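Observations on chain architecture
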Amino acid sequence: MATLTTNLFHGHGPGDHRLDVVEGHWPDDMLGDVYVVGPDKRRPGGHWFGERGLVMRISCRTDSTGRIPVRSRVVRTPVLRIRDRMPWMFRKIAFADVSPLGSTNLANTNIEPINGRLFVGYDAGRQVEIDPETLEYLTPVGANDEWLQALPGVLEPMIAVAAHPAADEHDGVMWFVNYTPIPSFDGSPTVYLARWDMTGPIERWPLTGLPAFDTFHDIKASSDHLVFSDLPFAAAETLSGQPRTPNSDVTQLFIVAKELVRSTPAGQSIPVTAIEIPMPTGHLMVDVDEQDGRLRVFLEHIPLSDLMIMLTGGEAAHGGGVIPADYEGLVTLAVQPGVVGRYLIDPGTGEVVESDIAWDDRFWGPILATRDRSTVDARARGGRLWFGGAGFDPELIPEEWWRLYGDGALNHVVDPSDLPTESVPGALATFDLDAMKVTSVHQFDDGAFPSPPQFVPRVNADGPDDGYVVAMVHRDGPKELVVFDASHIEHGPLARATAADFCPPLLLHSTWLGPDRPVRPDYRIPLRRDLRSATGQIPAQLRAMWRSGKAMAMEKRKAAKSWSAQTTGGASRPGTPMP
Ligand SMILES: [Fe+2]
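Each value, and the rule that gives it
Residues numbered from 1 in each chain as written. Predicted model: local features only at pLDDT ≥ 70, side-chain atom pairs only at ≥ 80, totals over all residues. Helix = DSSP H or I, 4+ residues; strand = E, 2+ residues; numbered from the N terminus. Buried ≥ 20, exposed ≤ 12 C-beta atoms within 10 Å, placed from the backbone. Contact = placed C-beta atoms within 7 Å. Core = buried A, V, L, I, M, F, W, Y, C linked by C-beta atoms within 7 Å. Arc of directions from axis to C-beta. Pairing = 2+ DSSP bridges. Axes fitted to C-alpha atoms, helices over the stretch in contact; angles between N-to-C directions.

Before going further, it helps to examine the overall build of the protein chain. Helix and strand counts for the protein chain come out as seven helices and 36 strands. Here the C-alpha coordinates of the protein chain stretch approximately 80 × 60 × 60 Å along the principal axes. The burial tally for the protein chain puts 49% of its 579 residues in the buried class. Once local pairs closer than 6 in sequence are excluded, the contacts in the protein chain between residues at least 24 apart make up 67%.

Rendered as C-alpha cells:
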C-alpha cells in the first residue's frame, strides 16, 4: 500500500479557524502573517491545478487565548463571481477553465508581496491584487489591452503571464514575462518583458533571441539584471490530446540587462542572453547583489518530473497495482531527490563561470522552497534555503511516467533503475547555499509531508536567515501547522498546532508579510474599462489569428513540397512524421 497520506484533496475551503498549540511552545517573537495560495480542491478527481484560488492567512502571533488565527477565502474576481452564479456557462478542459467570456483566470498559483501589497499569480492570467487584511479581491494588474493576449475573450482573454513576477524592491517596480504559448508563424513577437511602477500603465518590450519554449513560470531581478527560465509544462500537447513525449531535460535561462530596458523605449525590441543548463527548473532565485559583475543564480531543478502526468485512480502503477482514487489530481512530483543548482554567470557573455549542485538521499519529491527575503541584506545574498518535499513512494509511479522516463536517457541524479524500493518519508531540508550542501533534514512520520514551508524572520533578528520556518503538514486526520527554528531543522518542530476541523486542501505557494502595512495607492482597473479593452482587441486578435493560420498553411504546403521532391529524387522517407 502507498504510504503517502491520502488526505490531499479532502476537507474544507473558505472559513475561519483558531488552532490550539498541541505540543511545544509557539514562538512569541514572530510578527506579521504567512499567506498561502492554491487551488481550492476539496475532493479527488480532475487536475489539482484546475480549481479557483483559495488564499489562507495565518497569523504568526497567537491570540489572547493562546491560539493561532487562520482565515481562508476564495479569490472572487468578476469572472469567478459570474461563474458562481452561472456555473453552466463554464467548462473544464484538463487544468484550464473556459467560457464564452474567455479563459478564466483561476488566480490559484502564486502569492507575491511588494511594499505591503499582495498579488496572486496564475500562469494563464494577469496578476490580481488582494487586500492583505480581508483577503478580498481588489483589481487586476493592467487592463486587458495593456498585455499581449494569447487568445481573445469577451471579458477575460487568455493573457499568459508567468505566475511569479519579480517583485523588485531595489527599483520599486514589478517585472513580468508576458507571452503567448502559440508559436508565431507571421513574425509577430511571442514574448514580452513587462514593467509596472505599481500605479501607472504596464510598459512592454518584445524580446528577441529566444528559442522554442513550452511556458514561463518565474522571473527574478538582481540589482542590474532580470533572469527568467522556461518551464517544461507541455500544456499545448496535453490540451490538444497529442501523444505525450518526454519533457526537455535542460533549463533555458534568459538574462536581460536593466540598463538596456532603461535605454530602450517601450515597444522596441530587446535581445536576451540565452544560456542552456542541464536539468529542467521549476523555480529560480537570484541574489540581488552582483559581485564582480557576476550574477549568482540558484535553480530548483526538477529532473525527470512531469507536471502533465496526473495521477488517475485505477490507472496502472509501475511494478503492478493501480493508483488509488484518493490521489487523483496530484501531479507526478519529481521522482528524484530535491536538487538545487548554483550558477555564477557573466551576464554580458552568458558564460557560466562556476556551477555546483546539491542534493541528499534523505530528501525526495521536492515541492516548494522558501528563503529569507525580509530585509535588504537577506535579498542581497542568500545563505540558506528550506525545501519541503513529499518523499518518494514506489507505489505512486504511473506506468506512463515509466514509459517516458524509465530508460534514464534524460538528465537525472538517480537512475530510474536505481529508484528506492521502499518509501522515503516526506521531509523538510536545509540547503546551505554557500557550502552547497544539505545541512539538516527532518523527516515526517506516517505519510505526512510539509508544504509549503515559509521562512518568518525573528523579531530583532541577528541578520539574514535568523528566524523560523512555518509549514503546513498534510497528514491523515486534522492537518497541522508546525514551526521550526530555521537554524535547527534537524531538532524537529518547536511547536505543533491544529484543530479538530482543520483540513485545508493541498495548496501551492506562500509568502510572509510583516506587520507594517503602508497606505495603498488608489489603483484599480474599472470593470467597464476592462470589458471595453477586451472586446476592443477582438478584431485585431482575429486578424492576427487569420494571418498566423495562413502562414501555418503555407509552411505546411512548403514542407509537403520539399518532402515530395526528396522522395521523387530517391531520398528515403524521414523517420519522423512531416509537419
Ligand atoms: Fe511556482
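On we go from here.
Before going further, it helps to spend a moment on the nonpolar core. With 149 residues, the main nonpolar core has Val-55, Val-177 and Val-469 as its most contacted residues. When residues in this core are grouped by element, the largest group, six residues, is from strand S33 (residues 467–474). Excluding residues within four positions of it along the chain, Val-469 makes contact with Thr-370, Trp-386, Leu-428, Pro-453, Gln-454, Phe-455, Phe-484, Ala-486 and Ile-489.

What follows covers helix H1 (residues 78–85). Residues separated by three or four positions in an α-helix point in the same direction, a consequence of the helix having 3.6 residues per turn. Taken together, the buried positions of H1 are occupied by Val-79, Leu-80 and Arg-83. For H1, the buried positions fall inside an angular range of 100° around the axis, keeping them on one side. In this structure, H1 carries Arg-81, Asp-84 and Arg-85 as exposed residues pointing more than 90 degrees from its buried face.

In terms of residue burial, strand S23 (residues 295–301) counts as a mostly covered element, since seven of its seven residues are buried. Neither face of S23 is open: one carries Leu-295, Val-297, Leu-299 and His-301, the other Arg-296, Phe-298 and Glu-300, and all of them are buried. Sheet topology note: the S23/strand S26 (residues 339–346) ladder contains seven bridges and is antiparallel. Each bridged residue has a counterpart across the sheet, and for Glu-300 the counterpart in S26 is Val-340.

Once that is clear, we can look at the sheet that holds strand S6 (residues 96–99). Taken together, three strands build an open sheet; the order of strands is S5-S6-S7 and the sheet is antiparallel. Because the sheet does not close on itself, it has two edges, and the strands there are strand S5 (91–93) and strand S7 (102–103).

Okay, the environment of Met-308 next. Its location among the elements puts Met-308 in strand S24 (residues 306–310). As for Met-308 and Val-331, which are separated by 23 residues in sequence, their C-alpha atoms are 6.9 Å apart.

Looking now at the sheet that holds strand S10 (residues 125–130). If you walk across this open sheet you meet the four strands as S8-S9-S10-S11, and the pairing is antiparallel. Only two strands of the sheet have a single neighbouring strand rather than two, namely strand S8 (110–114) and strand S11 (137–140). Looking at each pair of strands side by side, their axes are set apart by 30° on average, direction ignored. One ladder, built from four bridges, connects strand S9 (residues 117–122) with S10; its direction is antiparallel. Note that in S10 the partner of Phe-119 across the bridge is Glu-129.

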